[in-house]
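For reference, the chains in residue letters:
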Amino acid sequence: MTDALPARSRLVAASLDAAGIDGRIVVLPDAASTAVLAAAALGVDVGAIANSLVFWSDDEPLLVMTSGAHRVDTTALAERLGRGGIRRATPDQVLTATGQPIGGVAPTGHPQPLTTVVDEDLAAFPEIWAAGGTPHTVFPLTFAELVRLTGGTVTRVA
């Protein structure tokens, strides 16, 4: 069944299988490159969308898995993490770090593991949805599975 998925999504599916996560990748008919579009396509609360945002901090990529209901406060997050600063990664930096395009970045399936922060607000949802490696693919998982999958640090990001 995964053979029909885009190449990047197959890498994500393999990573999910290796982690023992049951959520299967769903291919959407239209691109869902924003949390609002993904929530509308899935019929879920926008807060249940685990937005994968790539930033650059202390000369390395930083993946922030945030609830689609709000924006990341980079100044406050940098202070919480004890980092020199956090800024949005360029599209080229995102692609190099994740192998995935902006709007489709998954929490896994990257060339190398990324330092990851997971928004504590995602814990409020029994099921959350994340991008599956392309703007047309998504998959469900729980908050605990997201934290385990990414090895992320749970904190407030807004």
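This text goes with the structure placed above it.
In this text the structure is predicted, and so the values were computed from the model without any measurement.

## Considerations on the nonpolar core
Core analysis: the biggest nonpolar cluster contains 25 residues, and Leu 16, Ile 25, Ala 50, Leu 122, Phe 139, Leu 141 and Leu 146 have the highest contact counts within it. If you list the elements that add at least two residues to this core, you get α1 (7-18), β2 (49-57), β3 (60-67), α4 (91-98), β6 (128-131), β7 (137-141) and α5 (143-150). Apart from residues no more than four positions distant in its own chain, Leu 141 is found in contact with Ile 21, Glu 127, Ile 128, Ala 130, Leu 146 and Leu 149. If you look at the next biggest cluster of nonpolar residues, it comprises 10 residues, including Leu 53, Phe 55, Ile 86 and Val 157.

## Side note on the pattern of salt bridges
Using the criterion set out here, one finds three salt bridges in the structure. Salt bridges sharing common partners tie together Asp 58, Glu 60 and Arg 83.

## As for the pairing of β2
Of all the nine residues making up β2, seven are buried; the element is thus mostly covered by neighbouring parts of the structure. Judged from the two bridges that link them, β2 and β6 form a sheet pairing that is parallel. Within β6, the residue paired with Ala 50 across the bridge is Ala 130. Taken together, the eight bridges between β2 and β3 define a ladder with antiparallel strand orientation. By the bridge assignment for β3, Val 54 is matched with Leu 63. Taking the residues that link successive antiparallel strands as the turn, the β2-β3 hairpin has two residues, and the phi of Asp 58 there is positive, at about 50 degrees. Bridge count for β2 against strand β4 (residues 87-88) is two bridges, and the pairing is antiparallel.

## Examining the layout of surface pockets
One number sums up the size of the largest pocket: a volume of about 500 Å³. Lining the largest pocket are 29 residues, with Ser 33, Asn 51, Ser 52, Leu 53 and Arg 88 sitting closest to its centre. Of all the secondary structure elements, the ones that give two or more residues to the lining of the largest pocket are α2 (35-42), β2, α4 and β6. No other element matches the seven residues that β2 contributes to the lining of the largest pocket. Taken together, the residues of the lining of the largest pocket break down into 18 nonpolar, nine polar and two charged.

## So, the environment of Pro 135
Mapping Pro 135 onto the fold places it in the loop between β6 and β7. Along the backbone, Pro 135 and Ser 33 are 102 residues apart, and their C-alpha atoms lie at a distance of 4.9 Å. Setting aside residues up to four positions removed in sequence, Pro 135 forms contacts with Asp 30, Ala 31, Ala 32, Ser 33, Pro 101, Ile 102, Gly 103 and Gly 104.

## Topic: the side chain of Thr 137
Residue position: Thr 137 is located in strand β7. Here the side chain of Thr 137 touches Ser 9 through a polar contact of 3.0 Å, side chain to side chain. Here the side chain of Thr 137 touches Thr 134 through a polar contact of 2.9 Å, side chain to side chain. Residues within four places of Thr 137 in sequence aside, it is in contact with Pro 6, Ser 9, Ile 25, Val 26, Val 27, Ala 130, Ala 131 and Gly 132.

## Examining α5
Inspection of α5 places Phe 143, Glu 145, Leu 146, Leu 149 and Thr 150 among the buried residues, and these make up the whole buried set. The buried residues of α5 occupy an angular sector of 160 degrees when projected down its axis, which confines them to one face. Positive phi appears at Gly 151, one or two residues downstream of α5, with a value of about 65 degrees.

## Here's the deal with helix α3 (residues 74-81)
All buried positions along α3 are accounted for by Ala 76, Leu 77 and Ala 78. Where α3 is buried, its residues touch β3, β5 (115-119) and β8 (153-155). For α3, the N-terminal capping position is held by Asp 73, with its side-chain oxygen 3.3 Å away from the main-chain nitrogen of Thr 75. Downstream of α3 by one or two residues, Gly 82 has phi in the positive range, about 70 degrees.

The rules behind these values
Residues numbered from 1 in each chain as written. Predicted model: local features only at pLDDT ≥ 70, side-chain atom pairs only at ≥ 80, totals over all residues. Heavy atoms only, no water. Core = buried A, V, L, I, M, F, W, Y, C linked by side-chain atoms within 4.5 Å. Buried < 20%, exposed > 50% of the residue type's maximum accessible area, 1.4 Å probe, protein only. Helix = DSSP H or I, 4+ residues; strand = E, 2+ residues; numbered from the N terminus. Contact = heavy atoms within 4.5 Å. Salt bridge = Lys/Arg side-chain N within 4 Å of Asp/Glu carboxyl O. Pairing = 2+ DSSP bridges. 1 Å grid on protein atoms, 1.4 Å probe; cavity = no way out; pocket = protein on both sides within 12 Å on 5 of 7 lines; lining within 4 Å. Points joined across faces, edges and corners; volume = space filled by probe spheres on them. Nonpolar A, V, L, I, M, F, W, Y, C, P; charged D, E, K, R; others polar. Polar contact = N/O pair within 3.5 Å; in protein donor to acceptor, adjacent residues only side chain to side chain. Arc of directions from axis to C-beta.

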